[in-house]
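So you can see what is in the structure, the chains are spelled out below.
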Protein chains: 12
Amino acid sequence: MTVSSSRDPAILVIHGPNLNLLGTREPQIYGSTTLAEVNQELHALAAEHGAQIEAIQSNHEGVLVDRIQAASGKVDYIIINPAAFTHTSVAIRDALAAVNIPFVEVHLSNIHQRETFRHHSYFSDRAVGVICGLGPEGYRAALRFVLQKMSLWT
Amino acid sequence: MTVSSSRDPAILVIHGPNLNLLGTREPQIYGSTTLAEVNQELHALAAEHGAQIEAIQSNHEGVLVDRIQAASGKVDYIIINPAAFTHTSVAIRDALAAVNIPFVEVHLSNIHQRETFRHHSYFSDRAVGVICGLGPEGYRAALRFVLQKMSLWT
Amino acid sequence: MTVSSSRDPAILVIHGPNLNLLGTREPQIYGSTTLAEVNQELHALAAEHGAQIEAIQSNHEGVLVDRIQAASGKVDYIIINPAAFTHTSVAIRDALAAVNIPFVEVHLSNIHQRETFRHHSYFSDRAVGVICGLGPEGYRAALRFVLQKMSLWT
Amino acid sequence: MTVSSSRDPAILVIHGPNLNLLGTREPQIYGSTTLAEVNQELHALAAEHGAQIEAIQSNHEGVLVDRIQAASGKVDYIIINPAAFTHTSVAIRDALAAVNIPFVEVHLSNIHQRETFRHHSYFSDRAVGVICGLGPEGYRAALRFVLQKMSLWT
Amino acid sequence: MTVSSSRDPAILVIHGPNLNLLGTREPQIYGSTTLAEVNQELHALAAEHGAQIEAIQSNHEGVLVDRIQAASGKVDYIIINPAAFTHTSVAIRDALAAVNIPFVEVHLSNIHQRETFRHHSYFSDRAVGVICGLGPEGYRAALRFVLQKMSLWT
Amino acid sequence: MTVSSSRDPAILVIHGPNLNLLGTREPQIYGSTTLAEVNQELHALAAEHGAQIEAIQSNHEGVLVDRIQAASGKVDYIIINPAAFTHTSVAIRDALAAVNIPFVEVHLSNIHQRETFRHHSYFSDRAVGVICGLGPEGYRAALRFVLQKMSLWT
Amino acid sequence: MTVSSSRDPAILVIHGPNLNLLGTREPQIYGSTTLAEVNQELHALAAEHGAQIEAIQSNHEGVLVDRIQAASGKVDYIIINPAAFTHTSVAIRDALAAVNIPFVEVHLSNIHQRETFRHHSYFSDRAVGVICGLGPEGYRAALRFVLQKMSLWT
Amino acid sequence: MTVSSSRDPAILVIHGPNLNLLGTREPQIYGSTTLAEVNQELHALAAEHGAQIEAIQSNHEGVLVDRIQAASGKVDYIIINPAAFTHTSVAIRDALAAVNIPFVEVHLSNIHQRETFRHHSYFSDRAVGVICGLGPEGYRAALRFVLQKMSLWT
Amino acid sequence: MTVSSSRDPAILVIHGPNLNLLGTREPQIYGSTTLAEVNQELHALAAEHGAQIEAIQSNHEGVLVDRIQAASGKVDYIIINPAAFTHTSVAIRDALAAVNIPFVEVHLSNIHQRETFRHHSYFSDRAVGVICGLGPEGYRAALRFVLQKMSLWT
Amino acid sequence: MTVSSSRDPAILVIHGPNLNLLGTREPQIYGSTTLAEVNQELHALAAEHGAQIEAIQSNHEGVLVDRIQAASGKVDYIIINPAAFTHTSVAIRDALAAVNIPFVEVHLSNIHQRETFRHHSYFSDRAVGVICGLGPEGYRAALRFVLQKMSLWT
Amino acid sequence: MTVSSSRDPAILVIHGPNLNLLGTREPQIYGSTTLAEVNQELHALAAEHGAQIEAIQSNHEGVLVDRIQAASGKVDYIIINPAAFTHTSVAIRDALAAVNIPFVEVHLSNIHQRETFRHHSYFSDRAVGVICGLGPEGYRAALRFVLQKMSLWT
Amino acid sequence: MTVSSSRDPAILVIHGPNLNLLGTREPQIYGSTTLAEVNQELHALAAEHGAQIEAIQSNHEGVLVDRIQAASGKVDYIIINPAAFTHTSVAIRDALAAVNIPFVEVHLSNIHQRETFRHHSYFSDRAVGVICGLGPEGYRAALRFVLQKMSLWT
């Protein structure tokens, strides 16, 4: 996918519920990298290749639906970590389908090692790809893939 | 059910998440009728038979719960298209049960032709009736049924 | 779908097993409208918009299969209440597929409030739309929808 | 239930598909008693206590539905061996519910010793009682129970 | 099965847990016939045809297992209403298999109309026949069948 | 199996519901061979090897049950394509078991590529063999196999 | 429920299998409170509000059934910790239903954190309420609730 | 758990969706106690033992997630009635896990007597304990347990 | 595990329901070895290696629970054939867990060749090891293993 | 499919594990025809119609995958009896998909009469057709079908 | 089974994938006994009683199938630890059935304490017996049983 | 994980069955990159950061098991695309567990969009992380992650 619109190539990064706590709680488990730092790295990496990143986080499903709808026509790719909404939100799934923006699904932990209900995702069968268990590197791997798809990185 | 209270007969129409996009996206699939136009038709049809319609849409489950609670004692019938919440929201189900207002469930598309998880509804066993696959006509069919039930149309 | 053949637009209404008893038994539950009256209303409504209705009822699955086959090339739309055959007849499903006539599925009662085995239909995933729980009004709603599809009603 | 109508107490005995072969095939398994003999015994036993029996058999589901409908108002109790239809016929189930005549379900063989699909019956949860595995004596046991219910036998 | 041993033909009637309360509690539901009266009727009917009945009741699974083991070589047929043990006791099932005495399973109520867990029996696939829903008449029907099998009644 | 009765070896070919439409509808899918032509080929092939074929088709389950019963003692082998009844008819299964005539099950299409409910057959575990997906050649393959079994073809 | 019979208000506390070991084994897990101490606290609390407590424990299902039957007419409320019988005893469930005494179900540990088979209880759908995971305080909470229901505590 | 921080011991009480209607609707079912009165009782009981209660209610899942996050480091124990969110909210479950505050789950009604989907809770396997069916007393029982755990009540 | 207490090393052998019949019934199937002979062999083998065996059998679940509880502190290893209780007794499972004595599970027959309900054991996931299908040799194999674990046999 | 390449039409016949034993073991069950004889017949029949057959057998899944890959561009049709790999080999399924050669699936026995795990095939939904239960004739029937598809036989 | 052929009694011991690592990895878990030592013990024990042992190990399913086929007529009993193939190999199951040599299934660990997919074995229902959890002693117990069956050990 | 052994850091890349065909078949779907090119890129990227890559492919499960065993002590991290073995090979899973080398699971396509049986992996719950749907970039993303874990890339 070569992005050739007049505006700059744009990527929306969506963090689901409770991810605002990243790095500030249980650093021995999740590491001490905060969500702000994760986003900062993504901004830098994208900027380096001529793309813009907007990153949002919300604990409110409706807010995420609204934000995805607003991305229509303004965003080329979405990187989403739906967190708890992975397993419960058809509304966000439908919003992604409605705006028809390709997206990559990312999970920090390996969801296959957790409770059975976390093995099902309402997103994976609609995603371009899925990455889990790589920690914050998962976001960067998704971003590099997206940049390649947008012909901004080889 | 003959409505005989001092106020006018009132019907609440509820549109669930992503339905605000109706008519503006993928018109070749969903048609070019917008949600505003759907509501306008329902207003006109109801007014013709002496009933008032209020129509709301939200992508936020909590907003819909609040609105249903507020309808208690002020609304005689509800027509609801829960969209994605059809399959995930016990809270809206419980709100409808709490206010004890009869309701008809409407879906624009035929949910039986879609993903398996869309075959289950948290609303159908509490609804008076269910209509799916008729597009915007589904709302009108529901409204005509409701008007009959309210003895406003024969 | 605009019907433009030389013959008049034709709609076949099919009532499944035990519906011949409608209106004559348990009127406090199912109402006192008989099947003949339902059909009469449908005839009148169709005639008013330039379409012909033929309505049949049978308790024999084979008779319904034969009748659907015979409709090939002579009927533009089918409205069917398969009743008990909803849950057991692949043969009628296959007949509908073989003649390739679009159809609307109607149920008088809300099947989602009844026994679990009534929650599955062999017809819904092939139907254009499904209506349940509206009583005899369900047939009329289906007919209005069909007339619209045939550009005979707006 | 004391039967006090002007007509004689009447019991309808229904034999489902393939039961017409009883006694004429595999007598080492099913015994050499024919269906005619079974019916004769039931007639005699009923007559002895002042009740009339009509016994029918059909391999056609629709015929059985028609016959049950026709029994409305003329029959006080039904004894039914649905045979293969036990596991497949919602239409006969619905006919029995429509005429609202109490019935006893009988099976010659012990269906719990046969294929898994024979363990589910569409009739048992609507029946007054169920008897299986007693061979032709099962019909007689059902008849004695029915005669007691009709206060014709103690 | 013709019983030709030197002792009298013997039938063991087993009543499972809580059946000792029969007739003394909730007579509007279960009738006012007590278990003693049921047993008395069975004794009389058996005696009339030259057979002996022993009837026991226990709320203790182990007691029933012991009693069935003791019946080996002394009892020709068992009539058992396992009551709650129907759904939980492999031990009684195994005891019946060990002594290899044919048995008829009886339930007073129609277990198909009750909780789902009552639809499975550990006994039915080993029983000669199963009777349910006929109330105390179920025991008598079982006894008549057993007497026939023993060539004591025609 | 060597057929040595006084009459000619006889094979019954049974076509289930909707197969009467073969070749006349959707020829691009099912080919333009009609059922009459299929039967003609089977007649010719059988006659060539000294066997008689009778071929029937019905949309009525009861008719097929009746016809199978009538074949008892007059038919040596059955070739059956139960079509939609494959998945719903215990009555035809039981009829085949009752007359105890060996049979081969044939399906024109590959049922494993279709809806999930078509993956279960009430016939396959009782059939000698099963053929699907070979189109009309499936019938001929079944016939050649049957002729071999009857020692009429090598 | 106000208890107004001539005898004192009476509460039966039932402890299921292995609870006799409470406090004497693995005190680091279950605490060092013995069953006798638990019962003593309940006696004191009940006495303080004018009610009598009888507390029993058994490893024998039949003993518990017998005891519940004997409570009929003599006990106003039951507090039961069925322990292992929670998941296996229909007989105790039936005994509680037969005597029709309201009961509260108590578990010392949180059964939702244990093996899957412990997530199903044969008692919960018949209980007035269920308490788990509170340790011995669970019994006291149940008793306070029962005393309130009996209008002995506010 | 002895609370020894400089601030007062603090307990957060969370009421899920539709609980704001408590006491004002269907008082014959749920009683006439309002949520405000329930909270008032809890405040009084806590204050009596030196603890502070904050009670919140919301129909919005996101609001509850936000509030739980904000409790981190400020609250010692949570008492939560997730109501409809019991069965659908992984986000609230995750928030509770993230702040790592022990909690007791409370339900006013006995959820085991209601629809099957209410038998599963996303909270019970993470809760310290679960109480259901005791009505408003359930909250008080939970509070007494929490006060004991905090060594504020014996 | 080296047994070094002052008393002799002790092993408890538990035989579940109906095993008292071993060798006396159906010897062509189960062999003619009686339970007494099995126990005698185990006594001899244990004595030879300096260990004491106590062997018990009961058809009463409660008796087995009591006996296991009594073994606490007096028995080093248990060999148990729970027979029918394998599939139904959580109480015995819990008793074994409570006394925390390691145990080996033995079945005379190969339970994997029997009814499906015999494929699940409430004991296997708590056992050290499981042996089935070896007949009486299974007990001896278990005993040799236990003696090794107790350093009494190499 | 008319084969018009410069090379001769080529058919690959694949026999899965244990089929090398055909005819040499249990001839009373599987007949005395050896795999060599089966292949010889297929060679002769193919040669007669101008096609070449190569037949292979292996007990090694990897060998079959390698061989199928090697067939790419050199084989026009595959006839495969995957034997035990029918139920376990996704690798062979994928190899067949990768080379995109149409294939017919053959089983000597009727797999629907065998263990439940044999009812599922990883091949049937990708095969052109499936034949089972016809013994060695199944291979010949498949070959005739393939020859027809290649316009080499009519 | 008394072995009376001219050759010596022969037993084949089969170790499945990854068992070649036994004793060399994680000795704290699996012990320090190597597979060679296990085999040496079995050789010694067999030789002592006049039987020959051949022991093989492979990580290749096809190699094991080949080896089992080759054992036909040369081996009297098989002891097999299928390891990972326990849960996936129908081919080895079929090979064992084809050669019709009785076998005992052995697992070093208690598979009932491991992942759910390890609870199903493709071998157990065909095995004479199954032993798990006894470590290397499991092989010796199997060998002693086999020697007894061959009348070489008492 | 900082690699500090005397040898160079080593990474094993494993490609499962049919991946040898990558790039040479259906390039419009899978792209025209061959497996050799994928490996070349990985070699280059690893070399750039001071690590060695060995890459292997096999269609034989046993070969992969052997190779993983041989990696013990010589390889620091494994990147594996098990392809078809993802869903069927417990042996490879066990080999990975036995050598205890951390691994990342990679799939070229998004397995969540394919057949249901591809949604289960025998590897994911043991993997450090899982990547699917990113095509060859998936391998590179895994390698970058591994290099980071080995402190060779930041």
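Just so we're clear, the structure is a prediction, and the values are computed from it rather than from any experiment. Once a new chain begins, its residue numbering starts again from 1 and follows that chain's sequence as written. Throughout, the order in which chains and ligands are written sets their labels, letters from A for the former and numbers from 1 for the latter. In view of the model being predicted, local features appear only for residues whose pLDDT reaches at least 70, and side-chain atom pairs are presented and counted only at 80 or more, with totals across whole chains, interfaces and linings using the full set of residues. To obtain the side-chain values, all non-hydrogen atoms of the structure were used and water was disregarded.

K.L.:
Break down the overall build of chain A for me, with residues and values.
P.N.:
Within chain A, the secondary structure is distributed over five helices and five strands. Only DSSP runs of H or I reaching four residues or more are called helices, and only runs of E reaching two or more are called strands; each is numbered from the N terminus. The secondary structure elements of chain A, listed N-terminal to C-terminal, are β-α-α-β-α-β-α-β-β-α. Its C-alpha radius of gyration of 15 Å places chain A within 12% of the 15 Å reference for a compact globule of 154 residues. Each of the three principal axes of chain A carries a C-alpha extent, and together these read 45 × 30 × 25 Å. Only protein chains enter the accessibility calculation, which uses a 1.4 Å probe; a residue whose area is less than 20% of its type maximum is buried, one above 50% is exposed, and one in between is partly exposed. Taking all 154 residues of chain A together, 62% fall into the buried category. Any two residues whose heavy atoms approach within 4.5 Å at even a single point are treated as in contact. The contacts of chain A with a sequence gap of at least 6 include a subset with a gap of at least 24, amounting to 78%. Accessible surface, chain A: about 5600 Å² in total, of which carbon and sulfur atoms supply 49%. Radius of gyration means the value over C-alpha atoms here, while the globule rule gives 2.2 Å times the residue count to the 0.38 power. The Shrake-Rupley method, run with a 1.4 Å probe, gives the accessible areas here. Residue values count only the displayed protein chains as cover.

K.L.:
Which residues make up the interface of chain A and chain L, and what values go with them?
P.N.:
Across the contact, 21 residues belong to chain A and 21 residues belong to chain L. Accessible area that two parts lose when put together, with a 1.4 Å probe and added across both, is what the buried area reports. Summed over both partners, the interface of chain A with chain L buries about 1700 Å², with 53% contributed by carbon and sulfur atoms. On the chain A side of the contact with chain L, His112(A), Leu134(A) and Phe145(A) bury the most area, a combined 26% of that side's loss. Every case where a carboxyl oxygen of Asp or Glu lies within 4 Å of a side-chain nitrogen of Lys or Arg is listed as a salt bridge. Across the chain A-chain L interface, the total number found is zero salt bridges. Each polar contact in these results corresponds to two N or O atoms within 3.5 Å; when the atoms are within protein, one needs to be able to donate a hydrogen and the other to accept it, and residues that are neighboring in sequence are counted only if both atoms are side-chain atoms. Here chain A and chain L share 14 residue pairs in polar contact (both at pLDDT 80 or more) between them. Counting residues per element, the ones that place at least two in the side of chain A that touches chain L are strand E5 (129-132) and helix H5 (137-149) of chain A. Counting residues per element, the side of chain A that touches chain L draws most heavily on H5(A), at six residues. For the side of chain A that touches chain L, the class distribution of residues is nine nonpolar, seven polar and five charged. Note: E5(A) against strand E5 (residues 129-132) of chain L, three bridges, orientation antiparallel. Pairing of Ile131(A) across the sheet is with Ile131(L), part of E5(L). The residue classification treats Ala, Val, Leu, Ile, Met, Phe, Trp, Tyr, Cys and Pro as nonpolar and Asp, Glu, Lys and Arg as charged. All others, Gly included, are polar. Two strands pair under a simple rule: DSSP has to find at least two bridges between them.

K.L.:
Describe in detail the pattern of salt bridges, supporting the description with residues and values.
P.N.:
Scanning all chains against the criterion turns up 108 salt bridges over all chains. Glu137(A) is the salt-bridge partner of Arg144(A), the closest N and O atoms lying 3.2 Å from each other. For the pair formed by Arg144(A) and Glu137(A), the shared burial category is buried. The partner of Glu137(C) in a salt bridge is Arg140(C), and the shortest N-O contact between them spans 2.9 Å. In this pair, Glu137(C) and Arg140(C) are both assigned in helix H5 (residues 137-149), three residues apart and thus about one turn of the helix distant. Residue Arg140(C) is classed as buried on the basis of its relative accessible area of 17%. If you follow the salt bridges from partner to partner, you end up with Arg93(A), Asp94(A), Asp125(A), Glu115(B) and Arg118(B) in one network.

K.L.:
Outline the packing of helix H5 (residues 137-149) of chain F against helix H5 (residues 137-149) of chain J, listing residues and values.
P.N.:
Closest axis-to-axis distance for the H5(F)/H5(J) pair is 10 Å, and the angle between their directions is 145 degrees. Judged by the sense of rotation from one axis to the other, the crossing of H5(F) with H5(J) is right-handed. When H5(F) is examined against H5(J), the residues Glu137(F), Arg140(F), Ala141(F), Arg144(F), Phe145(F) and Gln148(F) are found in contact with a partner set consisting of Glu137(J), Arg140(J), Ala141(J), Arg144(J), Phe145(J) and Gln148(J). Across the contact of H5(F) with H5(J), the residue classes tally to four nonpolar, two polar and six charged. To obtain each axis, a line is fitted to C-alpha atoms, and for helices this fit is confined to the stretch in contact; angles are then taken between N-to-C directions over 0 to 180 degrees. Here a crossing is taken to be left-handed if its near helix is turned anticlockwise relative to the far helix by less than a right angle, and right-handed if that turn runs clockwise.

K.L.:
Could you give me a rundown of the interface of chain L and chain K, with the residues and numbers involved?
P.N.:
With 18 residues of chain L in contact, the opposing surface of chain K contributes 15 residues. Considering only the side of chain L, the residues that lose the most area to chain K are Gln69(L), Val90(L) and Ala98(L), jointly responsible for 33% of the buried surface there. Joining chain L to chain K, the criterion identifies two salt bridges. Between Arg118(K) and Asp94(L) there is a salt bridge, with the nearest N and O atoms lying 2.8 Å from each other. There are eight residue pairs in polar contact (both at pLDDT 80 or more) connecting chain L and chain K. Looking at the side of chain L that touches chain K, the elements that each hand over two or more residues are helix H3 (61-70) and helix H4 (90-99) of chain L. Here the side of chain L that touches chain K takes seven residues from H4(L), the largest share from any one element. Of the residues in the side of chain L that touches chain K, the class split is eight nonpolar, five polar and five charged.

K.L.:
Outline the side chain of Ser124(F), supporting the account with residue identities and numerical values.
P.N.:
One can find Ser124(F) in the loop between strand E4 (103-107) and strand E5 (129-132). Classification of Ser124(F) as buried rests on a relative accessible area of 6%. Among the polar contacts listed, one links the side chain of Ser124(F) to the side chain of Glu105(F), at a separation of 2.9 Å. Those residues in contact with Ser124(F) that lie beyond four places of it in its chain are Glu105(F), Val130(F), Asn110(J), His112(J) and Gln113(J).

K.L.:
Would you mind going over the arrangement of the chains in detail, with residue names and values included?
P.N.:
Regarding chain D and chain J, which are not in contact, the minimum distance between any of their C-alpha atoms is 12 Å. Regarding chain E and chain K, which are not in contact, the minimum distance between any of their C-alpha atoms is 20 Å.

K.L.:
Account for the pairing of strand E3 (residues 77-81) of chain B, with residues named and values stated.
P.N.:
Residues and elements named next belong to chain B. Here E3 lies mainly inside the structure; five of its five residues are buried. Side chains Tyr77, Ile79 and Asn81 of E3 all project onto a buried face; the interleaved residues Ile78 and Ile80 project onto the opposite face, where all are buried too. Alignment of strand E1 (residues 10-15) against E3, held across five bridges, turns out to be parallel. Note on E3: the bridge partner recorded for histidine 15 is asparagine 81. In terms of strand pairing, E3 meets strand E4 (residues 103-107) through three bridges, oriented parallel. Across the sheet, residue isoleucine 80 finds its bridge partner in E4, namely glutamate 105. The crossover handedness rule: strands pointing away from the viewer, path from first strand over the helix to second strand clockwise, crossover right-handed. Note that the unit made of E3, helix H4 (residues 90-99) and E4 has a crossover that is right-handed.

K.L.:
If you had to explain the relation of the copies chain L and chain K to someone new, which residues and values would you point to?
P.N.:
All copies are superposed by least squares; the fitting set is the C-alpha atoms of residues with a pLDDT of at least 70 in both. When chain L is brought onto chain K, the operation consists of a screw motion whose angular component is 120 degrees and whose axial shift is 0.0 Å, with 0.0 Å RMSD remaining. The two molecules are tied by a three-fold rotation axis, judged by turn and shift. Identified as the residue of chain L closest to the rotation axis by C-alpha distance is Thr88(L), at 3.9 Å. Interface overlap between copies: only 6% of the residues of chain L at the interface are likewise at the interface in chain K, consistent with a contact formed by different surfaces.

K.L.:
Give me the side chain of Arg144(H): which residues, what numbers.
P.N.:
Mapped onto the fold, Arg144(H) is located in helix H5 (residues 137-149). Residue classification places Arg144(H) among the buried residues on the basis of a relative accessible area of 5%. Look past the residues within four positions of Arg144(H) in its chain and what remains in contact with it is Glu137(G), Arg144(G), Trp153(G), Leu45(H), Glu137(H) and Trp153(H).

K.L.:
So what's going on with the layout of surface pockets? Which residues, and what values?
P.N.:
Cavities and pockets are defined on a 1 Å grid built over the protein atoms alone: a cavity is a set of grid points where a 1.4 Å probe fits but cannot escape, while a pocket is an open set with protein on both sides within 12 Å along at least five of seven lines, and lining residues are those with an atom within 4 Å of any such point. Grid points are joined across faces, edges and corners, and a volume is the space filled by probe spheres set on the points. Of the voids in this model, the largest pocket is the one considered here, and its volume is about 990 Å³. Taken together, 30 residues line the largest pocket, and the ones lying closest to its centre are His119(D), His120(D), His112(E), Thr116(E) and His119(E). Mapped onto the lining of the largest pocket, the elements with two or more residues apiece are strand E5 (129-132) of chain D together with strand E5 (129-132) of chain E. Across the lining of the largest pocket, the residue classes tally to 10 nonpolar, 13 polar and seven charged.

K.L.:
Tell me about the packing of aromatic side chains, residues and numbers included.
P.N.:
The criterion for an aromatic pair is that two Phe, Tyr or Trp rings (for Trp, the six-membered ring) have centres within 6.5 Å, with stacked assigned to planes under 30 degrees apart, edge-to-face to planes over 60 apart and tilted to the rest. All chains considered together, the criterion is met by 12 aromatic pairs over all chains. Taken together, a centroid distance of 5.0 Å and an interplanar angle of 75 degrees make the contact between Tyr122(C) and Phe117(F) edge-to-face. Highlighted residues: Tyr122(C) in the loop between strand E4 (103-107) and strand E5 (129-132) and Phe117(F) in the loop between E4 and E5, drawn from two different chains. Taking the relative accessible area as the measure of exposure, Tyr122(C) reaches 12% and is therefore buried.

K.L.:
For helix H4 (residues 90-99) of chain K, give the residues involved together with the corresponding values.
P.N.:
Residue and element names in this part refer to chain K. Across the 10 residues that make up H4, a large majority, nine, are buried. Taken as a whole, H4 has its buried residues at Val90, Ala91, Ile92, Arg93, Asp94, Ala95, Leu96, Ala98 and Val99. The secondary structure elements touched by the buried residues of H4 are helix H3 (61-70), strand E3 (77-81) and strand E4 (103-107). For H4, the N-terminal capping position is held by serine 89, with its side-chain oxygen 3.0 Å away from the main-chain nitrogen of isoleucine 92. Positioned one or two residues after H4, asparagine 100 has a phi angle of 55 degrees, which is positive.

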